[in-house]
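Fold and contact review
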There are 2 protein chains.
Amino acid sequence: MITSMSNPQIKEVQQLLKKAKTRREERVFVAEGIKMFREAPADRLCKVYVSETFAGKTEFEDILRGKSLNPDSDKVEIVDDKVFKSLSDTVTPQGVLCLISMGNWSLQDIMKETEYPLLMVLEDLQDPGNLGTIIRTGEGAGVTGVILSKTSVDVFNPKVIRSTMGSIYRVPVIYVDSIEEEVVPMLKTYGITTYAAHLKGENNYDQEDYSKGTAFFIGNEGNGLTDELTACADTLIKIPMAGQVESLNAAMASGILMYEAARQRR
Amino acid sequence: MITSMSNPQIKEVQQLLKKAKTRREERVFVAEGIKMFREAPADRLCKVYVSETFAGKTEFEDILRGKSLNPDSDKVEIVDDKVFKSLSDTVTPQGVLCLISMGNWSLQDIMKETEYPLLMVLEDLQDPGNLGTIIRTGEGAGVTGVILSKTSVDVFNPKVIRSTMGSIYRVPVIYVDSIEEEVVPMLKTYGITTYAAHLKGENNYDQEDYSKGTAFFIGNEGNGLTDELTACADTLIKIPMAGQVESLNAAMASGILMYEAARQRR
């Protein structure tokens, strides 16, 4: 059992929680809580840290067994309750925290995985809650993957992880240096039509056909899409807004577009 | 100019920021920032507190003039920059903060305002960001009003105000002691059909007709709708979810339903 705050493993988890750079270097992220533990893919689960209290519960052993692990496994570390609390990002920790290895998807993977991919392309998205919500809603709407500019918020930030409610395990997420140079040409190659949600859109979003390969471009929360990426889109669409609303929240706009695509595809 | 932190007006604003009870008693709420000042309805603007720095800018005087006020008005108080900062909810305050009197809508007002109202009925909603997003998206989708159970988060909480992006001024919001007893009978009287987003819904949400009077019931983030309110709904609808998603975020579910209604009504 780990009983000291200065235990090197505890220090490593703290670094992984705090620093995107450490996460990138080790290709591992931290997922906290019972639901995240339950849904963790067994083949990507590197380590489970469990509080003394939670380790004593049958719920813990049941989930562990579901992943073909037992409490004596090298992958399981029991941690003194107080030390565990220092790792937790929440006020009332549930007593379990996993290290998960990052998925390894390529742009090509997600573009040829299905005949008609449904992709979200996010440029410079900054809010962790927005990204988490887009991934969670995206899984619900059946997206094939989420592509982000490298200037966007880190998807392995604990706040993003939490707000995905487990979808982080299942929705492929890929960062690119340049959407214009890396993603746009490949979308063309695979015959995927690109739509930018934009105030200057001519047609309402529901007047387009998303039943074939579709990618939606969504921009930064404050500034919207850059002119450069807007110019790359095949079609500008608008989400009509009544009253004096100037724009919708980026996650909300994404959700409305993804669910319109899902509606058309049913 | 106000230069002291112990000035009674400053103390009052602090109370209004912190306490829902004070806001309810005085029927006033605080709206911070330039956008919120610009969009504040002149007839409900009780007071403007402006930092010394922002008071010197032409932008301030322009907005003030737009509301037929001048800097010498009783409604305008200039505040020392440091004291202003102590009032602000943000890290880099924009230098202006308004006291706004609460709107005064009745359930009857919003149910007979238009021939076919579009209403959101929120039961025990707890997250300030969710409520703000529902109000902002709701204005965009053209909702007639938002009704909340009194156990829900306070709409005049500074976090909600901020995330409405000004829609708080324009979307009627009404709290009720009991949705079942006060709202449901009135919805029936006015011939408004009620839909509950529910996992047990038979039809997908897009298979129903929302072109006539429509009210959507949305439940608490963690627990969903109570059985009592679910039983009051005319129709249970479901938002289909791919993958392993169990539910959508409450604001996202609301937005998808409101924009489906807006789509059908166009």
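Here, every reference points to the structure presented above.
Presented here is an overview of the structure given in this document. (Residues numbered from 1 in each chain as written. Chains lettered and ligands numbered in written order. Predicted model: local features only at pLDDT ≥ 70, side-chain atom pairs only at ≥ 80, totals over all residues. Heavy atoms only, no water.)

**Structural notes on the relation of the copies chain A and chain B**
Taken as rigid bodies, chain A and chain B are interconverted by a rotation of 180° and an axial shift of 0.0 Å, the fit giving an RMSD of 0.0 Å. Both copies of the chain, as the preceding transformation shows, are related through a two-fold rotation axis. Within chain A, Ile 256 of chain A has its C-alpha nearest the rotation axis, a separation of 2.8 Å. Looking at the interface residues of chain A, 100% of them are also at the interface in chain B, so both copies use one shared face. (Least-squares fit on C-alpha atoms with pLDDT ≥ 70 in both. Contact = heavy atoms within 4.5 Å.)

**Brief notes about the sheet that holds strand S3 (residues 76-79) of chain A**
Residues and elements named next belong to chain A. The four strands lie next to each other as S1-S4-S2-S3, forming an open sheet whose pairing is mixed. Of all strands in the sheet, those bounded by a partner on one side alone are strand S1 (28-32) and S3. Recorded for the sheet is a direction-independent mean angle of 20° between the axes of neighbouring strands. Here strand S2 (residues 45-51) pairs with strand S4 (residues 96-101) via five bridges, running antiparallel. Its bridge partner lying in S4, Lys 47 is registered against Leu 99. (Pairing = 2+ DSSP bridges. Helix = DSSP H or I, 4+ residues; strand = E, 2+ residues; numbered from the N terminus. Axes fitted to C-alpha atoms, helices over the stretch in contact; angles between N-to-C directions.)

**Details of the interface of chain A and chain B**
With 32 residues of chain A at the contact, the number on the chain B side is 32 residues. Interface of chain A and chain B: buried area, both sides summed, is about 2600 Å²; carbon and sulfur atoms make up 53% of it. In terms of surface lost to chain B, no three residues of chain A exceed Arg 136, Met 252 and Tyr 259 of chain A, which account for 23% of the buried area on that side. Here chain A is connected to chain B by four salt bridges. Glu 246 of chain B is the partner of Lys 35 of chain A in a salt bridge, and the nearest nitrogen-oxygen pair spans 3.4 Å. Counting across the interface, chain A meets chain B through 14 residue pairs in polar contact (both at pLDDT 80 or more). Elements with a contribution of two residues or more to the side of chain A that touches chain B: helix H3 (34-39), helix H8 (128-141) and helix H12 (250-265) of chain A. If one sorts the elements of the side of chain A that touches chain B by residue count, H12 of chain A sits on top with seven residues. For the side of chain A that touches chain B, the class distribution of residues is eleven nonpolar, eleven polar and ten charged. (Buried area = accessible area lost by both parts, 1.4 Å probe. Salt bridge = Lys/Arg side-chain N within 4 Å of Asp/Glu carboxyl O. Polar contact = N/O pair within 3.5 Å; in protein donor to acceptor, adjacent residues only side chain to side chain. Nonpolar A, V, L, I, M, F, W, Y, C, P; charged D, E, K, R; others polar.)

**Digging into the packing of aromatic side chains**
Residue and element names in this part refer to chain A. As enumerated under the stated definition, the model contains twelve aromatic pairs over all chains in all. Within the aromatic cluster, the residues linked to one another by ring pairs are Phe 37, Phe 54 and Phe 60. The ring of Phe 37 has Lys 67 lying over it, and the distance from NZ or CZ to the ring centre is 6.0 Å. (Phe/Tyr/Trp six-rings, centres within 6.5 Å; stacked < 30°, edge-to-face > 60°. Lys NZ or Arg CZ within 6 Å of the ring centre and 35° of its normal.)

**Some points on the sheet that holds strand S4 (residues 96-101) of chain B**
Residues and elements named next belong to chain B. Strand order in the open sheet made by the four strands is S1-S4-S2-S3, with mixed pairing throughout. Across the chains shown, the open sheet's two edge strands, defined by having one partner strand only, are strand S1 (28-32) and strand S3 (76-79). Looking at each pair of strands side by side, their axes are set apart by 20° on average, direction ignored. The strands touched by helix H1 (residues 8-18) are S1, strand S2 (45-51), S3 and S4; relative to S1, the strand with the most contacts, the crossing angle is about 90°.

**A word on the packing of H8 of chain A against H12 of chain A**
Residue and element names in this part refer to chain A. At a closest axis distance of 9 Å, the pairing of H8 and H12 adopts a crossing angle of 10°. The orientation of H8 with respect to H12, classified from their angle, is roughly parallel. Mapping the contact onto sequence places Asn 130, Thr 133, Ile 134, Thr 137, Gly 138, Gly 140 and Ala 141 in H8 and Ala 250, Ala 251, Ser 254, Gly 255, Met 258, Tyr 259 and Ala 262 in H12. (Parallel < 35°, antiparallel > 145°, perpendicular 65-115°, else oblique.)

**Re H8 of chain A**
All names here are of chain A. For H8, spanning 14 residues, the distance from its first C-alpha to its last is 20 Å, which sits close to the expected 20 Å at 1.5 Å a residue. Taking burial as the measure, the 14 residues of H8 include 13 buried ones, the bulk of the element. The N-cap residue of H8 is Asp 127: its side-chain oxygen and the backbone nitrogen of Gly 129 are 3.0 Å apart. Just downstream of H8 lies Gly 142, where phi reads positive at about 85°. (Expected span 1.5 Å × (residues − 1). Buried < 20%, exposed > 50% of the residue type's maximum accessible area, 1.4 Å probe, protein only.)

**Some remarks on H12 of chain A**
Residues and elements named next belong to chain A. Relative to the 22 Å expected for 16 residues at 1.5 Å per residue, H12 spans 23 Å between its end C-alpha atoms, a close match to the ideal helical length. Among the 16 residues of H12, 14 are classified as buried, and the element is accordingly described as predominantly covered. The N-cap residue of H12 is Asn 249: its side-chain oxygen and the backbone nitrogen of Ala 251 are 2.8 Å apart.

**Details of the pattern of salt bridges**
Enumeration over the complete set of coordinates arrives at 26 salt bridges over all chains. Each of Lys 35, Glu 39, Glu 139 and Arg 170 of chain A together with Glu 246 of chain B takes part in one network of salt bridges that share partners.

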